[in-house]
Amino acid sequence: MTSECALRPVMIRALLDEGPAKSMDSGIIRATEDEALQFHALGRAGKLSIAPTKPMTTQRDLSLAYSPGVAFPCLRIERQPSTVFDYTSKGNFVAVISNGTAVLGLGDLGALAAKPVMEGKCALFKRFADIDSIDLEIDTRDVDEFVNCVRFLHPAFGGINLEDIKAPECFIIEARLRELLDIPVFHDDQHGTAIIAAAGLINALHLTGRALEEVKMVVNGAGAASIACVELLKAMGLPSDSVILCDTRGVIYRRRADGMNQWKSAHAVETSARTLAEAIEGADVFFGLSAKGAVDQRMISAMADKPIIFAMANPDPEITPEEVRAVRADAIIATGRSDYPNQVNNVLGFPYIFRGALDVRASTINDAMKIAAAEALAALAREDVPDEVAAAYSGERLLYGPDYIIPAPFDPRLIWAVPAAVAKAAIDSGVARKPIPDMEAYKRALRGRLDPTAASLELIFERVRAAPKRVVFAEGEEEKTIRAALLFAESGYGAPVLVGREDRIKSTMSAMGLNSPGGLEIHNARLSQHNRRYTDFLYARQQRKGMLYRDCQRLVNQDRNVFAACMVACGDADALVTGVTRNSFDALDEISRVIAVAPGSVLFGLTVLLARERTVLLADTLVHETPSSAELADIATQAAAKAHELGVVPRVALLSYSNFGNPMGKDGQRVRDAVALLDQRGVDFEYDGEMSADVALDYQLMRRLYPFCRLGGPANVLVMPELHSANIAAKLLPPLGGGTVVGPLLLGLSHPVQIVNMGTTVSDLVNLAALSAHDAIG
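**Here's the deal with the sheet that holds strand 16 (residues 575-578)**
And step 1. Taken in spatial order, the 5 strands make up an open sheet running 15-14-13-16-23, and their pairing is parallel. The open sheet has two edge strands with one neighbour each: strand 15 (521-523) and strand 23 (753-755). In this sheet, adjacent strand axes meet at a mean angle of 20° when their direction is disregarded.
And step 2. Sheet topology note: the strand 13 (residues 469-473)/strand 14 (residues 494-499) ladder contains 5 bridges and is parallel. Across the sheet, phenylalanine 473 pairs through a bridge with leucine 498, a residue of strand 14.
And step 3. Relative to strand 14, helix 21 (residues 479-490) is tilted by about 160°, and along the sheet it contacts strand 13 and strand 14.
And step 4. Running over the sheet, helix 26 (residues 584-592) touches strand 16 and strand 23 and is turned about 155° from strand 23.

Written out as structure tokens, the structure is:
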């Protein structure tokens with residue numbers, strides 16, 4: 001199952017505003033009726049489509065996918081039911097099921113009207129955890145009918161996500177299905193909210209120096225989410241008599257008869273308090289899952305020092321953060337809205353909880369797994385926040401503290417941090433039927449689900465970890481560079497060396513809320529004791545190219561790229577990465593003054609485009625404006641060697657606007673001559689040309705029109721005829737959804753150097769630094 005829409009950022013944010021009491025108008029993203037209707041109707045109606053995972057282009061493909069070939073997996077599954085996970089999608093397939101009795105904040109709209117929400121939930125499963133799912137809207141309000149429907153359909157699925165079912169029926173339905181089924185059943189409206197709120201509370205307690213076992217807590221609202229919050233916190237250690245639950249009739253106390261049911265009665269306490277105002281006096285923590293205006297400033301003023309207030313009603317909280325701050329500046333506040341700090345957002349939970357549960361084939365989602373998810377989320381909020389998060393939130397840099405106790409939904413680390421914790425808890429608690437022997441390998445595989453760069457380059461990174469190197473980060477005063485250097489060290493890739501003024505670097509780190517780990521080197525180019533040696537080295541290279549000694553001295557003292565390149569060339573470091581603040585062409589010009597092209601090599605840029613279905617390498621994207629035939633042949637040879645290194649068996653296409661002489665032209669001849677040179681050299685990789693990009697990438701088209709073509713499959717290394725087309729293609733495809741880009745990788749210098757693009761992320765900078773370190777291994 002794939003998302004039909006690309007989930008435009010604004011619409012993602014709209015879908016994500018799915019707080020505890022979900023609303024169609026939550027947070028700052030407000031869509032008009034016309035916009036929302038057009039979005040859902042645009043192109044193919046809805047948000048989902050089915051995409052086959054196997055080829056369906058020939059009669060043989062069809063005979064394997066369906067009759068008669070499909071009979072064989074059927075028979076194998078009959079004999080060995082567990083093989084259903086090997087031959088079908090069950091292990092990565094979740095049903096999102098509702099009867100539409102509590103849709104968003106709109107109430108009982110019925111099964112049919114719930115479908116857009118359920119499709120959106122499926123899209124979020126795919127977007128955030130690579131889980132395929134399908135929505136099922138069951139048109140009944142009868143509990144027995146609903147349970148039986150799910151019970152009889154459940155063999156098709158690896159898990160069940162219940163959604164938008166009103167209380168108290170949701171409690172009964174979930175409890176009965178958990179008893180009947182041997183797969184995870186999870187009512188997200190209950191447990192998703194509880195897990196995210198618990199994560200926030202863990203950090204709020206940490207910041208205020210409290211322990212869960214010691215606090216007094218009040219929860220207003222006695223619906224599905226409220227009761228789930230109380231139950232989870234009690235499972236985490238909150239004493240039963242330390243939490244007071246309130247509903248519209250007041251405090252839920254023992255022996256109260258009015259408006260009670262078995263779920264409320266389970267949390268009734270002995271207390272003299274009868275109203276919310278009486279209950280909240282002196283309380284350390286308030287959870288609101290009720291309605292706007294349920295709490296006033298007088299109540300907040302009566303709470304204990306450093307009160308923790310989670311006002312989670314949507315679209316409007318029980319009390320706004322502004323109203324709280326007016327009377328309690330010491331409060332830590334969370335809401336269900338994205339326009340305030342600390343949003344309690346269910347999308348932080350359900351995709352990753354199911355990811356971990358599915359991957360160990362858990363029979364249920366138990367309290368241990370929920371607690372593990374909450375603790376993983378809490379731990380993640382305490383770590384340094386990556387650039388991807390800042391980019392998603394208008395460049396705002398988030399730091400752990402009162403205004404950041406819950407991770408942001410766009411944090412790329414969620415995909416490995418939370419599922420791994422959930423999977424481990426499932427294994428430890430005995431509900432996993434497929435234990436994971438190597439948890440670190442599992443985390444790396446999780447990174448690869450949504451970040452193909454990590455998956456494709458992981459073996460290279462492992463080699464770097466086994467032989468760490470000293471890598472110079474030339475622009476050491478930049479915040480992005482400092483973060484990358486620290487992450488480089490934390491990842492075990494080697495020792496980062498920052499070029500810059502020490503006081504500026506430390507000041508920047510302090511403003512970022514970061515501390516310098518032991519061993520982080522800082523070199524000030526102007527004050528370095530190696531300047532004389534570096535100047536002599538540079539002068540020896542440049543004295544017959546128009547440069548005086550004092551010119552070389554000035555460059556070493558003032559140009560950080562030149563200084564960093566001298567460090568590498570003179571053996572004081574192993575590799576170099578730069579480009580954060582300078583155009584890549586300018587950076588290359590500066591570095592080329594110091595570091596020569598390797599003998600027998602050609603200097604060029606290789607961009608790696610990683611899509612979910614294929615990896616394609618583009619060259620030359622950096623150096624040669626119009627490469628000669630000999631240069632094209634050299635580029636093809638070195639690019640093929642790099643492809644092997646990256647785990648890609650190269651099939652090289654030398655591209656042009658023409659195909660094998662049609663039409664005949666001067667530029668096409670240049671490419672044809674390059675192919676002839678490769679023929680003469682007897683290279684050991686597949687290549688051919690000249691050909692157009694569509695022919696190179698579409699193997700069926702290639703075989704039909706040009707059966708003589710020597711490529712044994714679609715090309716995966718594209719040698720471009722000119723820098724114009726290469727650079728445009730490399731920068732055009734990613735914004736259009738063409739995949740993830742690594743590079744351009746700089747190939748051909750005598751020492752390892754990589755130049756990132758301006759605007760790069762910290763993750764990309766670390767990747768290029770690690771690749772530079774790998775080049776130094778040899």
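**Considering the sheet that holds strand 9 (residues 250-251)**
And step 1. Judged by pairing direction, the sheet is mixed, and its 6 strands sit side by side in the order 9-8-7-10-11-12 without closing on themselves. Across the chains shown, the open sheet's two edge strands, defined by having one partner strand only, are strand 9 and strand 12 (332-335).
And step 2. Note that strand 11 (residues 308-311) and strand 12 share 4 bridges and pair parallel. Residue pairing across strands places isoleucine 309 opposite isoleucine 333, the latter belonging to strand 12.
And step 3. Along the sheet, helix 10 (residues 224-235) makes contact with strand 7 (217-220), strand 8 (243-247) and strand 10 (285-288), crossing strand 8 at roughly 175°.

**Topic: the pairing of strand 8**
Each regular strand displays side chains that alternate between the two surfaces of the sheet.
And step 1. With 5 of 5 residues buried, strand 8 lies mostly within the body of the structure.
And step 2. Side chains of strand 8 alternate between two faces, with Val243, Leu245 and Asp247 and Ile244 and Cys246 buried alike.
And step 3. Pairing of strand 7 with strand 8 involves 4 bridges; the strand directions are parallel. Considered in strand 8, the bridge of methionine 217 is made with valine 243.
And step 4. Crossover handedness for the path strand 7 to helix 10 to strand 8: right-handed.
And step 5. Between strand 8 and the antiparallel strand that follows it, strand 9, lie 2 residues.

**Thoughts on the nonpolar core**
And step 1. Ranked by internal contacts, the top residues of the largest apolar core, which has 110 residues, are Ile160, Leu162, Ile195, Phe287 and Met369.
And step 2. Listed in part, the 57 residues of the second largest apolar core include Leu646, Ala674, Leu765 and Ala769.

Basis of the calculations
Residues numbered from 1 in each chain as written. Predicted model: local features only at pLDDT ≥ 70, side-chain atom pairs only at ≥ 80, totals over all residues. Heavy atoms only, no water. Pairing = 2+ DSSP bridges. Helix = DSSP H or I, 4+ residues; strand = E, 2+ residues; numbered from the N terminus. Axes fitted to C-alpha atoms, helices over the stretch in contact; angles between N-to-C directions. Contact = heavy atoms within 4.5 Å. Buried < 20%, exposed > 50% of the residue type's maximum accessible area, 1.4 Å probe, protein only. Right-handed = clockwise from strand over helix to strand, strands pointing away. Core = buried A, V, L, I, M, F, W, Y, C linked by side-chain atoms within 4.5 Å.

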